[in-house]
Amino acid sequence: TVVEWKRWVMVHKRNPSAPMGIHSQPTLKSFVDADQITLPDSLNFTAYKTEWSGSPHLWSDYLPGEIIDHCDGITINDSDHSLATRLYQNNAKVHFDGFAMQNSRHQQRLVYGGHIISLCRAISHNGLANGLWLAAINGGSHLNPSFAGDTIYCQSKVIDKGEFAGRSDLGWIRVASYGFKNCDSDVRSEVMQVKQINKDTPQLVLQLDYTLLMPK
């Protein structure tokens, strides 16, 4: 097995007021257990040098509850998200049909959520540069839409960390990264400091929970 997942898809209803008839969700764990993570035999961080990433922070430097402001922002150009979405082989008209989207609720094309995930992972390099291996995506949500012209930022919270039996070269950290749009660091920090993050916050566009492998 290379990958397995559960996914929900959004489908337009012919009649918006019609009942859906199905109100069931599978029971899923909120994260992938460390003992379910398969470590390739060839994966060895013993000789790893932090000069390669430009960051000195390794597994032991991160603490559960720690919040990281990745500080960099990336403004989305029309050409950026259009090209990226083609590369992802997503041809949905909400991302490409500008004429049709003029009559939509937002009156413009939506940025594909996969592009937002990609931007936030790139931004998070500044702070998680030695998180070298994405071992599991535990879950996530696209919380608000993004459009061309929006500037995306990211902050992350370390949820948990642990070790693998018999491995002294690496450990795992579980991270929740939050994507924001069009807001300064004070707004981002205020949102992140509360115990239960309000996902209705209009500046929040992404919540992504994942597990990284990191050298010790």
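Residues numbered from 1 in each chain as written. Predicted model: local features only at pLDDT ≥ 70, side-chain atom pairs only at ≥ 80, totals over all residues. Heavy atoms only, no water.

Caption draft 1: Here's a closer look at the overall build of the protein. Scanning the protein from terminus to terminus reveals six helices and six strands. Taken from N to C terminus, the helices and strands of the protein fall in the order β-β-α-α-α-α-α-β-β-β-α-β. Here the analysis covers contacts within the protein between residues at least 6 apart in sequence; of these, 80% occur between residues at least 24 apart. Counting only carbon and sulfur atoms, one obtains 51% of the accessible surface of the protein, whose full area is about 13,600 Å². Of the charged side chains in the protein, 20 are positive and 21 negative; the average position of the first set lies 9 Å away from that of the second. (Helix = DSSP H or I, 4+ residues; strand = E, 2+ residues; numbered from the N terminus. Contact = heavy atoms within 4.5 Å. Areas by Shrake-Rupley, 256 points an atom, 1.4 Å probe, with all protein chains shown as cover. Lys, Arg positive; Asp, Glu negative; His and termini not counted. Charge placed at Lys NZ, Arg CZ, Asp CG, Glu CD.)

Caption draft 2: Inspection of the packing of aromatic side chains at higher detail. Taken as a whole and assessed by the stated rule, the structure comprises three aromatic pairs. With a centroid separation of 6.3 Å and 50° between ring planes, the pair formed by Phe45 and Tyr48 is classed as tilted. By relative accessible area, which is 10% here, Phe45 ends up buried. An aromatic cluster of at least three residues, connected via ring pairs, comprises Phe45, Tyr48 and Trp52. (Phe/Tyr/Trp six-rings, centres within 6.5 Å; stacked < 30°, edge-to-face > 60°. Buried < 20%, exposed > 50% of the residue type's maximum accessible area, 1.4 Å probe, protein only.)

Caption draft 3: Region of the structure containing helix H6 (residues 185-193). For H6, the full list of buried residues reads Arg188, Val191 and Met192. End-on view of H6: buried residues confined to an arc of 95°, all on one side of the axis. Residues of H6 that are exposed and point over 90 degrees away from its buried face: Asp186, Glu190 and Gln193. Capping the start of H6 is the job of one residue whose side-chain oxygen sits 3.2 Å from the backbone nitrogen of Asp186: Asp184. (Arc of directions from axis to C-beta. Polar contact = N/O pair within 3.5 Å; in protein donor to acceptor, adjacent residues only side chain to side chain.)

Caption draft 4: Summary view of the pattern of salt bridges. Within this structure, the stated rule accounts for six salt bridges. Taking the shortest distance from any N to any O, the salt bridge between Arg188 and Asp69 comes out at 3.7 Å. Of this pair, Arg188 sits in helix H6 while Asp69 sits in strand S1 (residues 67-69), and the two are 119 residues apart along the sequence. Taking the relative accessible area as the measure of exposure, Arg188 reaches 3% and is therefore buried. The partner of Asp209 in a salt bridge is Arg174, with the nearest N and O atoms 2.6 Å apart. With a gap of 35 residues between them, Asp209 in strand S6 (residues 204-215) and Arg174 in strand S5 (residues 170-181) connect regions that are remote in the sequence. Here Asp209 matches Arg174 in class, with each residue buried. (Salt bridge = Lys/Arg side-chain N within 4 Å of Asp/Glu carboxyl O.)

Caption draft 5: Looking closely at the side chain of His95. By the element assignment, His95 lies in helix H2 (residues 93-96). Of the polar contacts made by the side chain of His95, one reaches the backbone oxygen of Leu110; its length is 2.9 Å. If sequence neighbours within four positions are ignored, His95 has contacts with His81, Thr85, Asn90, Arg109, Leu110, Val111 and Tyr112.

Caption draft 6: Looking closely at a nonpolar patch on the surface. Among the surface-exposed residues, Val2, Val3 and Trp5 lie close enough to one another that they form a single nonpolar patch of about 420 Å² accessible area. On the secondary structure map, Val2 appears in the segment before S1. (Patch = residues over 30% accessible without salt bridge, like charges linked within 9 Å, V, L, I, M, F, W, Y side chains within 5 Å.)

Caption draft 7: Just unusual backbone geometry, in detail. Although it is not a glycine, Gln107 sits at a positive phi angle of roughly 60°. For Gln107, a relative accessible area of 58% corresponds to the exposed category. A positive phi angle, close to 55°, is found at Asn182, a residue other than glycine.

Caption draft 8: Local environment of helix H1 (residues 78-87). Where H1 is concerned, the buried positions are His81, Ser82, Ala84 and Thr85. Backbone geometry just downstream of H1 places Gln89 in the positive-phi region, at approximately 60°.

Caption draft 9: Region of the structure containing the nonpolar core. Grouped together as the largest cluster of nonpolar side chains are 21 residues, with contacts concentrated most on Ile116, Leu128, Ile152 and Ile173. Of all the elements, S6 adds the most residues to this core, at six residues. For Leu128, the residues in contact, after removing those within four places along its chain, are Tyr62, Ile68, His70, Ser156, Ile173, Val175, Tyr210 and Leu212. Listed in part, the ten residues of the second largest apolar core include Leu39, Tyr48, Leu58 and Leu170. (Core = buried A, V, L, I, M, F, W, Y, C linked by side-chain atoms within 4.5 Å.)

Caption draft 10: Fine view of the environment of Asn130. Note that Asn130 resides in the loop between helix H5 (125-128) and strand S3 (133-142). Measuring from C-alpha to C-alpha, the distance between Asn130 and Lys216 comes to 9.7 Å, with 86 residues separating the pair along the chain. A distance of 2.6 Å separates a polar atom in the side chain of Asn130 from a polar atom in the side chain of Ser53. Within the local environment of Asn130, its side chain forms a polar contact with the backbone oxygen of His57, the two atoms lying 2.8 Å apart.

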